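The lines below spell out each chain.
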Amino acid sequence: MTNTTSTTEPALGGAAGAAVPTPDVTGATDARRARPPRRRRAVWGVMSTREKVVRYVLLVVVLFITIGPFLWQLSTSLKGAGEDIYTANPSFIPSEPTIENYLKVAAAIPVWRYIGNSVLVAAIDVVGNIVFATLAGFALARLQWRFRKLVLGLFLATLVLPGEATIISQFVTVKDLGLADNLVGVALPGMIAALNVLLMFNAFRQIPEEIDQAAVVDGANAMQRLRYISLPAVQGTIAVIAIFSFIGAWDDFLWPLIVLQSPQNLTLTVGLQYLQGTFATDQRMIAAGTMIAFIPIAVVFAVLQRFFFKGVEEGGVKG
């Protein structure tokens, strides 16, 4: 008798059969077909089109708010007497541009003398802040001496007080020194500012200590370290101080108004008030005087702007 053995294939059931996915017509599996679509990753530093549009819209709005009044004053200063500036719909561009208003300002007040006085006061303040703020900042940041932290705290404390809180004591001091109604008396309180000292302190503090230690080993004294190591590394901050000092001295109105009495000693910002008092109805002359006061600031900033932005970003030794 011959034994016949029947061969049967294993059933595709159970756990083993369930693990095999069923292909569809296109050959894709159920697991791949159920996977959600991938979301595009955001790349760091790359802006989308919507972000670019929002940023440019905000920049245009800020530009209009900051530059708009200046451009309007410039437009008013160039308009002639025959053009109505009080109409309900004034034109932004002058129909017949003229510099007659600037000539009227020069004829009404000794504008060149006032400009010279303002330049002298600003020059004293700029030189004083560059020299004294640099020395004070270097001493606070790079030298070791007693009460250094206390002095630094006092500089920080002075930033809390508004200028009007000490203006009476400043006037009494200047008067006792015999500098009332004098341009030196106007420039004296602004020759060193606490903010400029702290800016220089922060700039000097960014220089690595190892460089100073190496210079001390080589026999360099404090002045040599300041001249050959520290000053080349903080040129940008010095430019920032120069710009801030010039703008502060040039635009100051309250302090020169208190100290000065003689008309020939007035600074430009105080002298321009004669236009407001005598020619209050002629806004064209007032606008022209404003532009005359603005031009030196624009020139100084245009000359030092690359050093200014370098000082803002300054954070260490430049090679």
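- The protein chain has the name Carbohydrate ABC transporter permease in an unreviewed UniProt entry, where Curtobacterium citreum is given as its organism.
- Of the protein chain, the UniProt comment under Subcellular location (unreviewed entry) reads exactly: "Cell membrane".

Quick notes on the pattern of salt bridges
Next, step 1: Following the criterion strictly, the structure yields three salt bridges and no others.
Next, step 2: Between E100 and K104 there is a salt bridge; the shortest N-O distance is 3.8 Å. Of this pair, E100 and K104 both sit in helix α4 (residues 100-108), separated by four residues, roughly a single helical turn.
Next, step 3: Of the charged contacts in the structure, one is a salt bridge between R225 and D212, with a shortest N-O distance of 3.9 Å. Placement of R225 in helix α11 (residues 222-230) and of D212 in helix α10 (residues 209-217) is noted, with a sequence separation of 13 residues between them. The residues R225 and D212 share a single accessibility class, namely buried.
Next, step 4: Bridged by salt links that share partners, the residues R142, D212 and R225 form one connected network.

So, the packing of helix α9 (residues 194-205) against helix α12 (residues 235-251)
Next, step 1: The interhelical angle for the contact between α9 and α12, taken along N-to-C directions, is 170°, at an axis separation of 10 Å. As far as their axial angle goes, α12 and α9 are roughly antiparallel. For the pair α9 and α12, contact is made by N196, L199, M200 and A203 and by T237, I238, V240, I241, F244 and S245, respectively.
Next, step 2: By residue class, the composition of the contact of α9 with α12 is seven nonpolar, three polar and no charged.

Remarks on the side chain of T267
Next, step 1: Inspection of the secondary structure assignment puts T267 in the loop between α13 (254-259) and α14 (268-271).
Next, step 2: Owing to a relative accessible area of 5%, T267 belongs among the buried residues under this scheme.
Next, step 3: Contacts of T267, omitting those with residues within four sequence positions, involve Y114, N117, S118, V121, P256 and L260.

The rules behind each value
Residues numbered from 1 in each chain as written. Predicted model: local features only at pLDDT ≥ 70, side-chain atom pairs only at ≥ 80, totals over all residues. Heavy atoms only, no water. UniProt positions renumbered as here; feature names shortened; annotations may be inferred. Salt bridge = Lys/Arg side-chain N within 4 Å of Asp/Glu carboxyl O. Helix = DSSP H or I, 4+ residues; strand = E, 2+ residues; numbered from the N terminus. Buried < 20%, exposed > 50% of the residue type's maximum accessible area, 1.4 Å probe, protein only. Axes fitted to C-alpha atoms, helices over the stretch in contact; angles between N-to-C directions. Parallel < 35°, antiparallel > 145°, perpendicular 65-115°, else oblique. Contact = heavy atoms within 4.5 Å. Nonpolar A, V, L, I, M, F, W, Y, C, P; charged D, E, K, R; others polar.

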